[in-house]
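Geometric and topological summary
These are the residues of each chain, in order.
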Amino acid sequence: MRHFLTLADFSKQEILEILDIAKSLKKDLKAGKYSNLLERKTLGMIFEKNSTRTRVSFETGIYQLGGQGIFLSSNETQLGRGEPIKDTSRVLSSMVDLIMMRTHEHARLEEFAHYSSIPVINGLSDSFHPMQLLADYLTMQECQKDKNPIVTYVGDGNNMAHSWLMLAAKMGFELRIASPKNYEVSPDIYQKAREFAKISGAKLIVTNNPQEALANADVVTTDTWASMGQENEKEARKKAFKGYCITKDSMQLAKPDCIFLHCLPAYREQEVSEEVLESSQSKIFLEAENRLHAQKGVMVWLHQNR
Ligand code: CP
Ligand code: NVA
């Protein structure tokens, strides 16, 4: 049985298989066709942090596949009152068919998965957001930016940056990450990605110079400067990230037909200008929609490979 905790655990072939399922389900949905691939299956969705896209896309996705989702906010379950993860995991394993968990430390997800006898999906942890990256790659495929692209991520070395490292390392493309000093990606995760890159031929560049990183890019992306749980660092981060906002000028350093991606929610005039977000190069709403299709792909793939 497989879990979906990070892209590190998946081969390029498997990532493409998941996306093929996602594309086929998207095509069916657009034609008004529904399949019952997960009929009577239940997805438990544990949220220890806020969410709009992840919650709605998982709940809608499982319903469209013939199953149902149960929203489990940590405030309203015994997890929030300190029931151990190892107990919660074994209890839920005996009742539902799949688990999605959004949490703080990545180790919480690993512990949950360790005790679980059903597939566990990472809906975001402090270290990784792999579901988002599947939607991002699906968007790149649809915009024809998946053949040897140069992808530039400007911003915090956070869960999104780490997940971009894993995606590039697995798929074999060039990724440049520009972050301010002291806000770079985790050296351990970078090292792990470099190991995978040796096999895939990916080129991974980490720098403090956004302009250099943006030159000739096919895809430009960023994320919030203060992630969930870092609310009290907001002001310090605003200062540290000065010069890291993606503006029209930044986009002009990239290829003329480059696209802009952002996992959302976006903070206007901080990591990105309103002008770029609302420009024709911005594919943020296609990207958000693709969360639904990518998630359906993962749930079906995990069910088929259980
Ligand atoms: N991008 C993303 O995961 O959005 P939510 O936090 O709204 O789920
Ligand atoms: N890095 C952000 C992503 C939100 C989808 C966070 O963790 O809050």
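Placed above this text is the structure.
In short, a report on the structure. Nothing here was measured: the structure is a model prediction, and the numbers come from that model. (Residues numbered from 1 in each chain as written. Chains lettered and ligands numbered in written order. Predicted model: local features only at pLDDT ≥ 70, side-chain atom pairs only at ≥ 80, totals over all residues. Heavy atoms only, no water.)

**Considering the overall build of the protein chain**
For clarity, the threshold we go by: The way it works is that DSSP assigns letters per residue, a run of H or I at least four long becomes a helix, a run of E at least two long becomes a strand, and they are numbered from the N terminus. The globule rule used for comparison is 2.2 Å times the number of residues to the exponent 0.38, while the radius of gyration itself is calculated over C-alpha atoms. The buried label applies to any residue whose accessible area, calculated with a 1.4 Å probe on protein chains only, is under 20% of its type's maximum; exposed applies above 50%, and partly exposed to all values in between. The criterion used for residue contact is that any of the two residues' heavy atoms lie within 4.5 Å. Under the convention used here, a 1.4 Å probe and the Shrake-Rupley method define accessible areas, while residue burial counts only the protein chains that appear.
Across its full length, the protein chain holds 12 helices and 9 strands. Over its C-alpha trace the protein chain gives a radius of gyration of 19 Å, about what one expects of a compact globule, namely 19 Å for 306 residues. Principal-axis analysis of the C-alpha atoms places the extent of the protein chain at approximately 55 × 45 × 35 Å. With 306 residues in all, the protein chain has 57% of them scored as buried. In the protein chain, of all internal contacts separated by at least 6 residues, the share reaching a separation of at least 24 is 77%. Carbon and sulfur atoms make up 48% of the accessible area of the protein chain, which amounts to about 13500 Å² in all.

**Topic: the sheet that holds strand 9 (residues 259–262)**
In plain terms, the rule: Two strands form a pair only when DSSP identifies at least two bridges running between them. Lines are fitted to the C-alpha atoms to define the axes, a helix being fitted only along its stretch in contact, and any angle between axes, read from their N-to-C directions, falls within 0 to 180 degrees.
Pairing within the open sheet is parallel, and its 5 strands lie in the order 7-6-5-8-9. If you trace the sheet from one side to the other, it starts and ends with strand 7 (203–207) and strand 9, each paired once. Adjacent strand axes in the sheet meet at a mean angle of 20° when their direction is disregarded.

**So, empty space enclosed by the protein**
Operational definition: Lining residues are defined by having an atom within 4 Å of a point belonging to a cavity or pocket. Those points lie on a 1 Å grid over the protein atoms alone, cavities being sets where a 1.4 Å probe fits but cannot get out and pockets being open sets with protein on both sides within 12 Å along at least five of seven lines. Grid points are joined across faces, edges and corners, and a volume is the space filled by probe spheres set on the points. Side-chain classes follow a simple rule in which Ala, Val, Leu, Ile, Met, Phe, Trp, Tyr, Cys and Pro form the nonpolar group, Asp, Glu, Lys and Arg form the charged group, and the remainder, Gly included, forms the polar group.
Enumeration according to the criterion identifies 1 cavity of 30 Å³ or more in this entry. Around the largest cavity, the lining residues are Leu25, Asp28, Leu29, Lys33, Tyr34, Ser35, Gln64, Leu65 and Lys296. No other element matches the 3 residues that helix 1 (residues 12–30) contributes to the lining of the largest cavity. Tallied by class, the residues present in the lining of the largest cavity amount to 4 nonpolar, 2 polar and 3 charged.

**A word on the layout of surface pockets**
Put simply, the largest pocket is a space of about 580 Å³. For the lining of the largest pocket, the elements supplying multiple residues, two or more each, are helix 2 (53–64), helix 6 (159–171) and helix 9 (234–240). A breakdown of the residues in the lining of the largest pocket according to their chemical character gives 9 nonpolar, 13 polar and 11 charged.

**Focus on the site of ligand 1**
The line we're drawing: Proximity is defined per residue: any heavy atom of the residue falling within 4 Å of a molecule or strand makes that residue near it. Polar contacts here mean pairs of N or O atoms no more than 3.5 Å apart (in protein, one a potential hydrogen donor and the other a potential acceptor; neighbouring residues in sequence count only if both atoms are side-chain atoms).
Near ligand 1, the surroundings consist of Ser51, Thr52, Arg53, Thr54, Arg102, His129, Gln132, Cys263, Leu264 and Arg291. Taking Thr52, its main chain carries an N or O atom lying 2.7 Å from an oxygen atom of ligand 1. Contact with the protein chains removes 95% of the 250 Å² of surface that ligand 1 exposes when unbound. Grouping the constituent residues of the shell around ligand 1 by class yields 2 nonpolar, 5 polar and 3 charged.

**Observations regarding the site of ligand 2**
Keep this limit in mind: Think of it this way: a molecule belongs to a cavity or pocket when more than half its atoms come within 2 Å of the grid points there.
Every residue close to ligand 2 is listed here: Leu124, Asn158, Asn159, Asp223, Thr224, Ser227, Met228, Cys263 and Leu264. Here a nitrogen atom of ligand 2 and a side-chain polar atom of Asn158 are 3.4 Å apart. Between ligand 2 and Ser227 there is a distance of 2.8 Å, counted from a nitrogen atom to a side-chain nitrogen or oxygen. Among the cavities detected, the one that contains ligand 2 is the largest pocket.

**Quick notes on the nonpolar core**
Filter applied, for reference: In plain words, nonpolar cores are sets of buried Ala, Val, Leu, Ile, Met, Phe, Trp, Tyr and Cys residues tied together by side-chain atoms within 4.5 Å.
Judged by nonpolar contacts, the single largest core of 61 residues is most densely connected at Phe4, Ile121, Leu134, Trp164, Phe173 and Leu204. Setting aside anything within four residues of it in sequence, one finds Phe4 in contact with Phe10, Ile18, Val120, Ile121, Asn122, Pro130, Met131, Leu134, Val298 and Leu302. Among the nonpolar cores identified, the runner-up in size contains 22 residues, and Ile150, Ala217, Val220 and Leu264 belong to it.

**A few points about the packing of helix 5 (residues 130–142) against helix 12 (residues 284–304)**
Basically, it comes down to this: Oblique is the label for every angle not falling under 35 degrees (roughly parallel), over 145 degrees (roughly antiparallel), or within 65 to 115 degrees (roughly perpendicular). Should the near helix be turned anticlockwise from the far one by less than a right angle, the crossing is termed left-handed; should it be turned clockwise, right-handed.
Running from N to C, helix 5 and helix 12 cross one another at 115°; their axes reach a closest spacing of 8 Å. As the angle between them shows, helix 5 and helix 12 are arranged roughly perpendicular. In this structure, helix 5 meets helix 12 at a crossing whose hand is right-handed. Taken together, the residues of helix 12 that come into contact with helix 5 (itself represented by Met131, Gln132, Leu134, Ala135, Asp136, Leu138, Thr139 and Glu142) are Leu286, Glu287, Asn290, Arg291, His293, Ala294, Gln295 and Val298. A class-by-class count of the residues in the contact of helix 5 with helix 12 yields 7 nonpolar, 5 polar and 4 charged.

**Quick word on the environment of Ile177**
Following the sequence through the fold, Ile177 ends up in strand 6 (residues 174–178). Exposure remark for Ile177: the relative accessible area of 1% places this residue in the buried category. Once the C-alpha coordinates of Ile177 and Trp164 are considered, the two residues, 13 residues apart in sequence, prove to be 9.0 Å apart. Sequence-distant contacts of Ile177, that is, excluding residues within four places in its chain, are made with Tyr153, Ala161, Leu165, Val185, Ile205, Val206 and Thr207.

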